[in-house]
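Each chain is listed here by its residues.
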Amino acid sequence: MLSACNRSPEVALAPQASAPACASAAWPADVSGHARVATQPDDRSVAAWGDPAIIARCGLDPLGPTTDDCVTVDGVDWVVRPLSDGSAATTYGRDPSIEVLAPGAYGAVPLLLPAFTTVAKTLPETGRHCS
């Protein structure tokens, strides 16, 4: 039974959402077995999967040096930070950057990051790496 209250997740576009790498982002069809769902706005730089939604945004400004946790997944560096309900991961050493927001129901966000390796590797590198 579908509820009339089902809505597409609203996603704020990132500052560099119109960058060529983001405008042509090849988001995965599923993330950890969760199918892709529509977003508001319907823009190539954003994508979502599941309910509650795992959200990805391309076009963030690159991160500078940080004391937040930095992990390398499939050759891509990500800065991970806790949220009030879940966690966020942002590519590190890429410009523009991708941010993945994962509700706590999905566990640790690094476990979801292999799904984003292909799209993250299309982003230009800045030369910064996790150390």
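Here's what I pulled together on the structure shown here. The shown structure was predicted, so the numbers you read here are calculated from the model rather than taken from an experiment. (Residues numbered from 1 in each chain as written. Predicted model: local features only at pLDDT ≥ 70, side-chain atom pairs only at ≥ 80, totals over all residues. Heavy atoms only, no water.)

Thoughts on the packing of aromatic side chains
Phase 1: Applying the stated rule across the entire model yields 3 aromatic pairs.
Phase 2: Geometrically, the ring pair formed by Trp27 and Trp49 is edge-to-face, given 6.2 Å between the ring centres and 70° between the ring planes. Note that Trp27 is positioned in the loop between helix 1 (20-23) and strand 1 (30-31) and Trp49 in strand 3 (residues 46-49), a separation of 22 residues in sequence.
Phase 3: Considering the side-chain rings of Trp27 and Phe116, the 6.4 Å spacing of their centres and the 75° angle between planes classify their relative orientation as edge-to-face. Taken together, the residues span a long stretch of sequence, with Trp27 in the loop between helix 1 and strand 1 and Phe116 in the loop between strand 8 (97-103) and helix 2 (117-120) at a distance of 89 residues. As far as burial versus exposure is concerned, Trp27 and Phe116 are alike and both buried.
Phase 4: These aromatic residues form a ring-pair network of at least three members: Trp27, Trp49 and Phe116. (Phe/Tyr/Trp six-rings, centres within 6.5 Å; stacked < 30°, edge-to-face > 60°. Helix = DSSP H or I, 4+ residues; strand = E, 2+ residues; numbered from the N terminus. Buried < 20%, exposed > 50% of the residue type's maximum accessible area, 1.4 Å probe, protein only.)

Regarding the pairing of strand 3
Phase 1: With burial as the criterion, each face of strand 3 is covered, one bearing Val46 and Ala48 and the other bearing Ala47 and Trp49.
Phase 2: In this structure, strand 2 (residues 34-37) lies alongside strand 3, joined through 2 bridges in antiparallel fashion. Across the sheet, Val37 pairs through a bridge with Ala48, a residue of strand 3.
Phase 3: Bridging between strand 3 and strand 4 (residues 54-60) involves 4 bridges; their strand directions are antiparallel. Bridge pairing links Val46 to Arg57 in strand 4.
Phase 4: Turn length for the strand 3-strand 4 hairpin, with the two strands adjacent in sequence and antiparallel, is 4 residues, and the turn residue Gly50 shows positive phi of about 75°. (Pairing = 2+ DSSP bridges.)

Some remarks on unusual backbone geometry
Working note: non-glycine residues mostly have negative phi, and peptide bonds are mostly trans.
Phase 1: At the junction of Gln40 and Pro41, the peptide bond is cis and its omega measures out at 0° in the coordinates.
Phase 2: Position of Pro41 relative to the elements: it lies in the loop between strand 2 and strand 3.
Phase 3: Of note, the amide linkage connecting Asp51 to Pro52 takes the cis form, showing an omega dihedral of 5°.
Phase 4: Summarising the element assignment, Pro52 is placed in the loop between strand 3 and strand 4.
Phase 5: You will see that Asp74, though not glycine, has its phi angle at about 55°, which is positive.
Phase 6: Relative to the helices and strands, Asp74 is located in the loop between strand 5 (69-73) and strand 6 (76-83).

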